[in-house]
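Okay, here's what each chain looks like letter by letter:
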Amino acid sequence: MNKNFITEYVQIIIGASLVALSYNLFLLPSKLAAGGISGVSTILYELYALSPALTQLLINLPIFIIGWIALGKDFSWKTLLGTFWVPFIIYLTADFPYTVSNPVLGAIYGGIILGIGLGTVYKGRGSTGGTAAIAQVVKKFTGLSSGYSQLIVDGLVVTSSIIVFNLELTLFALICIYITSRTIDIVQLRTSASKLIMIITENEEKIHGLISEQIDRGLTKVRTIGGYSNQDRTMILCVAEQQEAVKLKRMMQDEEPTSFVVFISASEVLGRGFTLDKYYGQKF
């Protein structure tokens, strides 16, 4: 049993627990049918006082079979864990004393926690069942991101909730699922404070020295031609942490004010100096 295998199952358990807590602490008390089977269970609870945990479990079982067929055995075992874990935690925390009934707070904080939970589950290559599994099927066959796939599927459920709840609560629920979809994508991309720095300069050796000696980062040189001057230029690409980028910006303003510099936020950086040790064979 390798480390990645264990990590993925731990991510599913943690993420599914957050999904359940977001439901009991924010969505159900606020009467927000924020998409998915949880939204359906909220509607049924409002109409018939049916147990949300039992409702979600019973509806999820046939959807689990669809996930098994469409997404493969490995995904489905993880989906099975999420399918049972979410209603289990909902059942355990049903009488939690601290809840939020304000729909504004429920939409914002419930959406954020739900998005973090679902994003964590997706990082573990799993699902919490229900429309989350359907959203993963949509993602597989359409190429859309997990967040937007979830937005489409949940949007259909939310708009139907207007029959039971008033228009205001339905609009808050739509806000909630939008926040959830954006949070899912942020969690999966692990948005960082790193910056991609693009420098177009005539003094490449001086810039090379500043980057190598002052902020201790690697760089890549690309030969370019200026569109206005039609002269040869060098574009230097460098990825640095937030504070390193600020330091480089100050040095560029002081020593190379004529160079053209662009700072771009990097959502995720893989490789040496970021996800791997900065120096080969050395750990500091």
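Residues numbered from 1 in each chain as written. Predicted model: local features only at pLDDT ≥ 70, side-chain atom pairs only at ≥ 80, totals over all residues. Heavy atoms only, no water.

Student: Can you help me understand the pairing of strand 1 (residues 195-201) in this one?
Tutor: For a regular strand, side-chain orientation follows a simple rule: the groups alternate between the two sheet faces. Judged by which residues are buried, strand 1 turns out to be one-sided: K195, I197, I199 and T201 face inward and are buried, whereas L196, M198 and I200, on the alternate face, are not. The pairing of strand 1 with strand 3 (residues 232-240) spans 7 bridges and is antiparallel. Considered in strand 3, the bridge of I197 is made with C238. (Buried < 20%, exposed > 50% of the residue type's maximum accessible area, 1.4 Å probe, protein only. Helix = DSSP H or I, 4+ residues; strand = E, 2+ residues; numbered from the N terminus. Pairing = 2+ DSSP bridges.)

Student: Can you walk me through the confidence of the model for the chain in this structure?
Tutor: Interpretation of this model should avoid reading the predicted coordinates in detail wherever pLDDT is low. Scored by pLDDT, the chain comes out at a mean of 83, with 88% of its residues at no less than 70. No element of the chain has a lower mean pLDDT than helix 6 (residues 130-142), at 71, and none a higher one than helix 5 (residues 103-123), at 93. (pLDDT = per-residue confidence, 0-100.)

Student: It is not clear to me how the pattern of salt bridges should be interpreted in this structure. Could you clarify?
Tutor: Close approach of charged atoms allows side chains of opposite charge to pair. This model, assessed by the stated rule, comprises 9 salt bridges. Salt-bridge contacts for E204 lead to K221; the nearest nitrogen and oxygen are separated by 3.1 Å. In this pair, E204 sits in helix 9 (residues 204-214) while K221 sits in strand 2 (residues 220-225), placing the two residues 17 residues apart along the sequence. By relative accessible area, E204 is classed as buried at 16%. (Salt bridge = Lys/Arg side-chain N within 4 Å of Asp/Glu carboxyl O.)

Student: Would you mind going over the sheet that holds strand 3 with me for this structure?
Tutor: Adjacent strands of a sheet form backbone hydrogen bonds with each other and so pair up, either parallel or antiparallel. Strand order across the open sheet formed by 4 strands is 2-3-1-4, with antiparallel pairing between neighbours. Where the open sheet ends on each side, the last strands, each with one partner, are strand 2 and strand 4 (260-265). Neighbour-to-neighbour, the strand axes of the sheet open up by a mean angle of 20°, direction not taken into account. Bridge count for strand 2 against strand 3 is 6 bridges, and the pairing is antiparallel. (Axes fitted to C-alpha atoms, helices over the stretch in contact; angles between N-to-C directions.)

Student: What should I look at first to understand helix 5 in this one?
Tutor: At 3.6 residues per turn, the α-helix brings residues three or four places apart onto the same side. Over its 21 residues, helix 5 extends 29 Å from the first C-alpha to the last, a length consistent with the 30 Å expected when each residue adds 1.5 Å. Trailing helix 5 by a residue or two, R125 shows a phi angle of about 60°, which is positive. (Expected span 1.5 Å × (residues − 1).)

Student: Please explain unusual backbone geometry as it appears in this structure.
Tutor: Outside of glycine, negative phi angles account for most residues, and trans bonds account for most peptide bonds. Phi is positive for A49, which is not a glycine, with a value near 60°. Note on placement: A49 falls in the loop between helix 2 (36-48) and helix 3 (52-71). Assessed through its relative accessible area of 58%, A49 is described here as exposed. Although it is not a glycine, D216 adopts a positive phi angle of roughly 55°.

Student: I would appreciate a short explanation of the nonpolar core in the present structure.
Tutor: Across soluble globular proteins, nonpolar side chains show a tendency to be buried alongside one another. Core analysis: the biggest nonpolar cluster contains 28 residues, and L27, L32, V86, I90 and L118 have the highest contact counts within it. Those elements that place two or more of their residues in this core are helix 1 (3-27), helix 4 (73-92), helix 5 and helix 8 (167-189). The residues contacting I90, other than those within four sequence positions of it, are A20, Y23, N24, P52, A53 and Q56. Residues I197, I207, I215 and A245 belong to the second largest nonpolar core, which totals 13 residues. (Core = buried A, V, L, I, M, F, W, Y, C linked by side-chain atoms within 4.5 Å. Contact = heavy atoms within 4.5 Å.)

Student: Help me understand the packing of helix 9 against helix 10 (residues 242-255), please; the structure alone is not making it clear to me.
Tutor: To describe two helices that pack against each other, one gives the angle between their axes and the distance between the axes. Interaxial distance between helix 9 and helix 10 falls to 11 Å at its minimum, and their mutual angle equals 145°. Once helix 9 is placed against helix 10, the crossing between them reads as right-handed. For the pair helix 9 and helix 10, the contacting residues are K206, I207, L210, I211 and Q214 in the first and K247, L248, M251, M252 and E255 in the second. Looking at side-chain class alone, the contact of helix 9 with helix 10 contains 6 nonpolar, 1 polar and 3 charged residues. (Left-handed = near helix turned anticlockwise from the far one by under 90°. Nonpolar A, V, L, I, M, F, W, Y, C, P; charged D, E, K, R; others polar.)

Student: Can you help me understand a nonpolar patch on the surface in this one?
Tutor: Together, V104, L105, I108, Y109, I112 and I116 make up a nonpolar patch on the protein surface, roughly 450 Å² of accessible area in all. Within the secondary structure layout, I116 lies in helix 5. (Patch = residues over 30% accessible without salt bridge, like charges linked within 9 Å, V, L, I, M, F, W, Y side chains within 5 Å. Areas by Shrake-Rupley, 256 points an atom, 1.4 Å probe, with all protein chains shown as cover.)

Student: What exactly am I supposed to notice about the packing of aromatic side chains here?
Tutor: Within the structure shown, the criterion is met by 3 aromatic pairs. Measuring from ring centre to ring centre gives 4.8 Å for F5 and Y9, while their planes differ by 45°; the resulting arrangement is tilted. In this pair, F5 and Y9 are both assigned in helix 1, 4 residues apart and thus about one turn of the helix distant. When the centroid spacing of 5.6 Å and the interplanar angle of 55° are considered together, the rings of W85 and F88 count as tilted. One end of the pair is W85 and the other is F88, both in helix 4 and 3 residues apart, which spans about a single turn. (Phe/Tyr/Trp six-rings, centres within 6.5 Å; stacked < 30°, edge-to-face > 60°.)

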